[in-house]
Amino acid sequence: MNRQRLKILLIEDNPDDAELLQEILSESAVGQWEVVNVERLSAALQCLSESAFDVVLSDISLPDAKGLETVIRIHEAAPEVPLLVLTGLDDEALGLEALRRGAQDYLVKDQINQSLLVRAIRYAIERTQTQKQLSESEQRFRAIFNQTFQFMALLSPEGKILEANQTILDWLEKSKAEVTNCPLEETQWWSRSPQVQARLKNAIAAAAAGRFVRMEVEQVETNDIVSAVDFSIKPVINEGRVLLLIAEGRDISDRLSIEKSLRRQVAAVEAATDGIAIFNQDSEYIYLNDAYLQLYGYSDATTLIGKTWRELSSLEENQQFEQNTFPLLWENGQWRGEAIGKKRDGTTFPAEIGLTLIDQDGFICVCRDITQRKQAETEVLKALAQEKELNQLKSDFVSMLSHDFRNPLATIRSSAELLEHYGHKSTAEKKHLYFDRIKTSIKNMTALLDEVLLISSAEAGKLRCQPAPLDLEKFCYELLEELQVSAGEHYQLIFVPPPNNVDKPALPCFDESLLRHIFGNLLSNAIKYSPQGGRICWQLTYEKGGAIFQVQDAGIGIPPSEKSRLFESFHRASNVGKIPGTGLGLAIVKKCVDVHGGLIEFESTPGVGTTFIVVLPLGRDEV
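Residues numbered from 1 in each chain as written. Predicted model: local features only at pLDDT ≥ 70, side-chain atom pairs only at ≥ 80, totals over all residues. Heavy atoms only, no water.

Let us now look at the overall build of the chain. Assigned secondary structure in the chain consists of 17 helices and 24 strands. Contacts in the chain between residues far apart in sequence, at least 24 positions, make up 56% of those at least 6 positions apart. In the structure as shown, the chain presents an accessible area of about 35800 Å², 50% of it carried by carbon and sulfur atoms. (Helix = DSSP H or I, 4+ residues; strand = E, 2+ residues; numbered from the N terminus. Contact = heavy atoms within 4.5 Å. Areas by Shrake-Rupley, 256 points an atom, 1.4 Å probe, with all protein chains shown as cover.)

Despite not being glycine, Asn181 shows a phi value in the positive range, around 70°. Tracing the sequence through the fold places Asn181 in the loop between helix H7 (176–179) and helix H8 (194–208). Non-glycine residue Ser283 carries a positive phi angle of around 65°. Mapped onto the elements, Ser283 comes out in the loop between strand S13 (275–280) and strand S14 (285–288). Exposure remark for Ser283: the relative accessible area of 9% places this residue in the buried category. (Buried < 20%, exposed > 50% of the residue type's maximum accessible area, 1.4 Å probe, protein only.)

With that settled, consider the environment of Leu107. Summarising the element assignment, Leu107 is placed in strand S7 (residues 105–108). A residue is classified by how much of its surface remains accessible, and Leu107, at 4% relative accessible area, is buried. Setting aside anything within four residues of it in sequence, one finds Leu107 in contact with Val85, Leu86, Thr87, Ile112, Leu116, Leu117 and Ala120.

The next thing to look at is helix H1 (residues 15–26). Across its 12 residues, H1 extends 16 Å between first and last C-alpha, which sits within 8% of the 16 Å expected from 1.5 Å per residue. Within H1, the full set of buried residues consists of Ala18, Leu21, Ile24 and Leu25. The arc that holds the buried residues of H1, viewed along the axis, is 125°, so those residues lie on one side. The exposed residues of H1 that point more than 90 degrees off its buried face are Pro15, Asp16, Glu19 and Ser26. A side-chain oxygen of the first residue of H1 lies 3.0 Å from the backbone nitrogen of Asp16; this N-cap is Asn14. (Expected span 1.5 Å × (residues − 1). Arc of directions from axis to C-beta. Polar contact = N/O pair within 3.5 Å; in protein donor to acceptor, adjacent residues only side chain to side chain.)

All right, on to the nonpolar core then. Counting 44 residues, the largest nonpolar core has Leu472, Phe519, Leu522, Leu523, Trp538, Phe549 and Val614 as its most contacted members. Taken together, the elements giving at least two residues each to this core come down to helix H15 (472–487), strand S19 (491–496), helix H16 (512–528), strand S21 (534–543), strand S22 (546–552), helix H17 (585–595), strand S23 (599–605) and strand S24 (609–617). Residue contributions to this core peak at eight residues, all from H16. Not counting the four nearest positions on each side in its chain, Leu523 is found in contact with Leu479, Leu480, Leu483, Ile536, Trp538 and Val551. Of all hydrophobic cores here, the second largest spans 27 residues; its members include Leu169, Leu172, Trp189 and Ala207. (Core = buried A, V, L, I, M, F, W, Y, C linked by side-chain atoms within 4.5 Å.)

Moving on, we come to the side chain of Ser193. Among the secondary structure elements, Ser193 is positioned in the loop between H7 and H8. A polar contact of 3.0 Å, which involves the side chain of Ser193, links it to the side chain of Gln195.

By definition, the strands of a sheet pair up through backbone hydrogen bonds, in either a parallel or an antiparallel sense. Taken together, five strands build an open sheet; the order of strands is S19-S21-S22-S24-S23 and the sheet is mixed. The sheet terminates laterally at S19 and S23, the two strands that pair on one side only. Across the sheet, the axes of successive neighbouring strands diverge by a mean angle of 10°, strand direction being ignored. Summarising the sheet, S21 and S22 pair through seven bridges and their orientation is antiparallel. The partner of Glu543 across the bridge, within S22, is Gly546. Against the sheet, H15 contacts S19, S21 and S22, and its axis sits at roughly 180° relative to S19. Across the sheet, H17 is in contact with S23 and S24; its angle to S23 comes to roughly 145°. (Pairing = 2+ DSSP bridges. Axes fitted to C-alpha atoms, helices over the stretch in contact; angles between N-to-C directions.)

Next up on the list: the packing of helix H2 (residues 41–50) against helix H3 (residues 68–77). It is at 10 Å that the axes of H2 and H3 come closest, and there the two elements cross at 15°. Relative to H3, the element H2 is oriented roughly parallel. Regarding H2 and H3, the two cross each other, and that crossing is right-handed. Residues Leu41, Leu45 and Leu48 of H2 form the contact with H3, whose participating residues are Thr70, Arg73, Ile74 and Ala77. (Parallel < 35°, antiparallel > 145°, perpendicular 65-115°, else oblique. Left-handed = near helix turned anticlockwise from the far one by under 90°.)

Another point: the confidence of the model for the chain. The predicted model of the chain has a mean per-residue pLDDT of 81, with 83% of residues at 70 or higher. Here helix H10 (residues 263–271) stands out as the least confident element of the chain, with mean pLDDT 39; S24 is the most confident, with 93. (pLDDT = per-residue confidence, 0-100.)

So, on to the pattern of salt bridges. This structure, assessed with the given rule, holds 21 salt bridges. A salt bridge links Arg250 to Asp230, with the nearest nitrogen and oxygen atoms 3.6 Å apart. Here Arg250, found in strand S12 (residues 241–251), pairs with Asp230, found in strand S11 (residues 226–238); they are 20 residues apart in sequence, far enough to count as distant. Here Arg250 and Asp230 have matching classes, each one buried. For Glu322, the salt bridge is made with Arg310, and the minimal N-O distance between the two is 2.4 Å. (Salt bridge = Lys/Arg side-chain N within 4 Å of Asp/Glu carboxyl O.)

Structure, rendered in structure tokens:
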């Protein structure tokens, strides 16, 4: 008990008893006391009307009042002031009756000591304060209960009406006394139809078993007018046991036709469960619904009652609310927006928040978890980015086709026209040159179409690996020889076979066609992007059941910022300049390596060169 000065009204007509009580209080080290002593009830009532007292100590027998009359009149005059009754008789029956009539406690004078008196005063004050708070809380929620436009009733698990708000009483055209303890299904509206009555009984039984029940019920009135009620029953469960049922309903007859046309939309909206909390003017929780508790990971409202909203927000979010949100709420009376909520376990989630002022007494918060909406927004943005990228790929593809097909077609056309118009004047050598140009152009166009078809097949999941025994070193020498012929004398293409001390597989299995696509493209790129010529090395070795290939050049290299996009279709590095290409080669290489069950890596330094490393497993079955 704190040391604040308490004002006590002592009603005692015996001077010795009065002096003894004051002496006991003065010697107490627990608190400070201001005692006003009067001898008659009339004087006491006048004091109570003129001054405020923290507690009343009264003899039950006074010159102008006897017995319980003293208790009744003091309680009527000051019902909020705790009353302790003093009696000279150890009469338990009298004491209990005094408690029923408004006293907080009773003390027998001959048994009073300092500890007992101080404790009784302290407990009386605390109990009175608690009762006042409970009374105010009950009045507040009863006002909500009675003023809502919805039908509301509290039912026993058997379906008997324990409490009913005024709305449902008006709807049933009954008084509270008429419906109390009456089974809900026997009230006037529900009992008109056996089918409706049976539905209600089943709903009550389901709710009593712990399930939430909601239904729409229609009744045909005696005048053939259809009335409808949107009705629900929610069980109140404590420790697995249903204590009572909350029945809610609203008359939807006037909007029946509209609701039928919008039934799906209404059901979707009403199925959403929003968290609702009420805060006082100090931003402390005074009420939270179950949805709010579940949203933030709590199971008991008392854990948060009396605490502020800051408990469920990060420091950064608290500052945002203090500096921006609440000034707008105080100015406009409401605020809508998004925030980051913090659950009891410390995890966070995006929330949509609505705040509404309640006069100057606090505000209401309605919130919902929008994690799925945020994820959907992210997916939409991702889809838009993918669509944009796809459109760019289409544009690049069309641009590539128009460029890389136009050149060989132009060569074919010019050569054909020369043969057509001047063939009779041309030498056999000239004619052979024109035919070679046409063949080369056709070959280039065919190769380009093959690349496009290969990419398309891979994208559709139709590219297959068909391994067969292959003399790998012979394959490498032959491919390198083909490329050396086309590369010219400025390039030195070297193949480095595995060292003799390396265990070589007898005849490994590979898909020769895929290998041609892989290393034909890698070696062609090494030649193409080494415009000054030079040495290109192709090395083969075996290790841990796999073949390891390295293709190394001393060409222009790859810019670091573009390495992550190197294997994308139609992508070409920014430093290629006017070197021709389709942007499909490395994309084909990557897909062929993947379908062969291998992996590809590279190292590159602009202006120094690039090394591609390809690892392929030995002896794969067909995939």
